[in-house]
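Architecture at a glance
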Amino acid sequence: MRAAPGGRAVTDVLAEFTAHRPLLFTVAYEMLGSAADAEDVVQEAWLRWSADDREDVREPRAYLVRIATRLALNRLRTLSRQRESYVGPWLPEPLETVPDVADDIALAESVSTAMLLVLETLGSTERAVFVLREVFDVPYDEIAAAVDRTPENVRQIARRARAHVAARRPRSEVTSQERTEVLIRFQRAIAEGDLQQLLDVISPDVVLISDGGGKASAARRPILGRDKVLRFLSAVLPADIRLETVWINGENGLVFRQAGEVTAIATAVVEAGVVTTMHIVRNPDKLSLPGPVRLSR
């Protein structure tokens, strides 16, 4: 059997990488907000891992997280420049996740659309430090090695990032079951064309943010208020639209299909039994749902 650098069999090297793959994808996705870019980071991490001499690697998990973090940081800086010229509001690429992600409340919250939007307000290094420390509990010295800072500097960055996120973090006391019930009512109201039921499930002060990326109909600014949101939904949702509830970003979301094709994916913030914020992605570049992804931390 062919030996990999460091004298180990290729199958052993692959098995070790595969064991940490969900973790690496999760780290990259939380830093980038893009499943496609996160997958690219994981693939490049594999190429580096398989080519490196790992004789002195005592902790593969820490070593691989460091590689993925550096790759994600490089990509994040490029993406940040691209997003400055993005047409209309930018939303994270929806990620279909396995249902049991919701069992890990901290992980589910960290990949939610609302939280990823908060993370977008951090600088690239702050975001990396926050994700690694607060979500994955990586020691400060390991984070320092990943972001090329001193451990003390990382502690300071972590404190600033934590305060920044705490001030903007979405607060919701509803359970996963309560959110699901509200989304099912919303889905039924759309399917039945029941205006009153739709009014009952949407807050009068609802905010809708839509991402078309200049490639699909979407509002260039957030839409405020139930009446305006309903008018927007009526304009962009054809009569033959079909909705289904799917686990998106660690929580229940809605997938809109027309003639079998996905035309939009929505997630919602639910409070007191009604939708208070809705995020709808219509950019066709972000609507690929290859299958449920298993996340890890």
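Residues numbered from 1 in each chain as written. Predicted model: local features only at pLDDT ≥ 70, side-chain atom pairs only at ≥ 80, totals over all residues. Heavy atoms only, no water.

Focus on the environment of Thr 97
Tracing the sequence through the fold places Thr 97 in the loop between helix 3 (60–83) and helix 4 (105–110). Linking Thr 97 and Asp 53, residues 44 residues apart in sequence, is a C-alpha distance of 34 Å. Sequence-distant contacts of Thr 97, defined by excluding residues within four places in its chain, comprise Trp 247, Ile 248, Asn 249, Gly 250, Pro 292, Val 293 and Leu 295. (Helix = DSSP H or I, 4+ residues; strand = E, 2+ residues; numbered from the N terminus. Contact = heavy atoms within 4.5 Å.)

Some details on the UniProt feature "domain: RNA polymerase sigma factor 70 region 4 type" (unreviewed entry) in the protein chain
Under the UniProt annotation, "domain: RNA polymerase sigma factor 70 region 4 type" (unreviewed entry) lies at residues 115–164. As annotated, residues 115–164 comprises 78% helix and 0% strand, and the C-alpha atoms at either end are separated by 12 Å. (UniProt positions renumbered as here; feature names shortened; annotations may be inferred.)

With respect to the packing of aromatic side chains
Aromatic ring pairs are defined here through the distance separating the ring centres and the angle between the ring planes. Applying the stated criterion across every chain yields a total of three aromatic pairs. With centroids separated by 6.2 Å and ring planes inclined at 5°, the aromatic side chains of Phe 25 and Tyr 29 adopt a geometry described as stacked. Note that Phe 25 and Tyr 29 are positioned in helix 1 (residues 10–32) at a spacing of four residues, about one turn of the helix. Across the pair, Tyr 29 and Phe 25 agree in class, each one buried. Between Trp 49 and Tyr 63 the ring centres are 5.8 Å apart and the planes differ by 55°, which places this aromatic pair in the tilted class. In this pair, Trp 49 is assigned in helix 2 (residues 35–51) and Tyr 63 in helix 3, connecting sequence segments 14 residues apart. Each member of the pair Trp 49 and Tyr 63 is classed as buried. The ring of Tyr 140 has Arg 133 lying over it, and the distance from NZ or CZ to the ring centre is 4.2 Å. (Phe/Tyr/Trp six-rings, centres within 6.5 Å; stacked < 30°, edge-to-face > 60°. Buried < 20%, exposed > 50% of the residue type's maximum accessible area, 1.4 Å probe, protein only. Lys NZ or Arg CZ within 6 Å of the ring centre and 35° of its normal.)

Here we look at the packing of helix 6 (residues 124–135) against helix 8 (residues 151–168)
Packed helix pairs are specified by the crossing angle of their axes together with the interaxial distance, meaning the distance between the axes. Packing of helix 6 against helix 8 brings their axes to within 9 Å, and their N-to-C directions diverge by 90°. One element, helix 6, and the other, helix 8, form an angle in the roughly perpendicular class. Counted together, Thr 125, Glu 126, Val 129, Phe 130 and Glu 134 of helix 6 and Val 154, Ile 157, Ala 158, Arg 160, Ala 161, Arg 162 and Val 165 of helix 8 form the full contact between these two elements. When grouped by side-chain class, the residues that make up the contact of helix 6 with helix 8 number seven nonpolar, one polar and four charged. (Axes fitted to C-alpha atoms, helices over the stretch in contact; angles between N-to-C directions. Parallel < 35°, antiparallel > 145°, perpendicular 65-115°, else oblique. Nonpolar A, V, L, I, M, F, W, Y, C, P; charged D, E, K, R; others polar.)

Describing the nonpolar core
Ranked by size, the top nonpolar core spans 57 residues in total, and within it Phe 25, Met 31, Leu 119, Val 147 and Leu 295 carry the most contacts. For this core, the secondary-structure elements that each account for two or more residues are helix 1, helix 2, helix 3, helix 4, helix 5 (113–119), helix 6, helix 7 (140–147) and helix 8. Not counting the four nearest positions on each side in its chain, Phe 25 is found in contact with Ala 35, Ala 38, Glu 39, Val 42, Leu 95, Val 293 and Leu 295. Counting residues in hydrophobic clusters, the runner-up holds 29 residues, among them Val 182, Phe 232, Leu 233 and Val 270. (Core = buried A, V, L, I, M, F, W, Y, C linked by side-chain atoms within 4.5 Å.)

Structural notes on unusual backbone geometry
The phi torsion of most residues other than glycine is negative, and most of the peptide bonds are trans. Unusually for a residue other than glycine, Asp 148 sits at a positive phi of about 60°. Within the secondary structure, Asp 148 is located in the loop between helix 7 and helix 8. Residues other than glycine seldom take positive phi values, yet Asn 249 does so here, at roughly 50°. With respect to the helices and strands, the residue Asn 249 is situated in the loop between strand 3 (242–248) and strand 4 (251–258). Under the relative-accessibility criterion, Asn 249 is labelled buried at 1%.

Thoughts on the pairing of strand 5 (residues 261–271)
With five bridges joining them, strand 4 and strand 5 adopt antiparallel strand pairing. Bridge assignment links Gln 258 to a residue of strand 5, and that residue is Glu 261. Linking strand 4 back to strand 5 in an antiparallel pair, the connection comprises two residues, with Ala 259 at a positive phi of about 55°. Note: strand 5 against strand 6 (residues 274–281), seven bridges, orientation antiparallel. Note that in strand 6 the partner of Val 269 across the bridge is Thr 277. Here strand 5 folds back onto strand 6, and the loop between the two strands holds two residues, one of which, Ala 272, carries a positive phi near 55°. (Pairing = 2+ DSSP bridges.)

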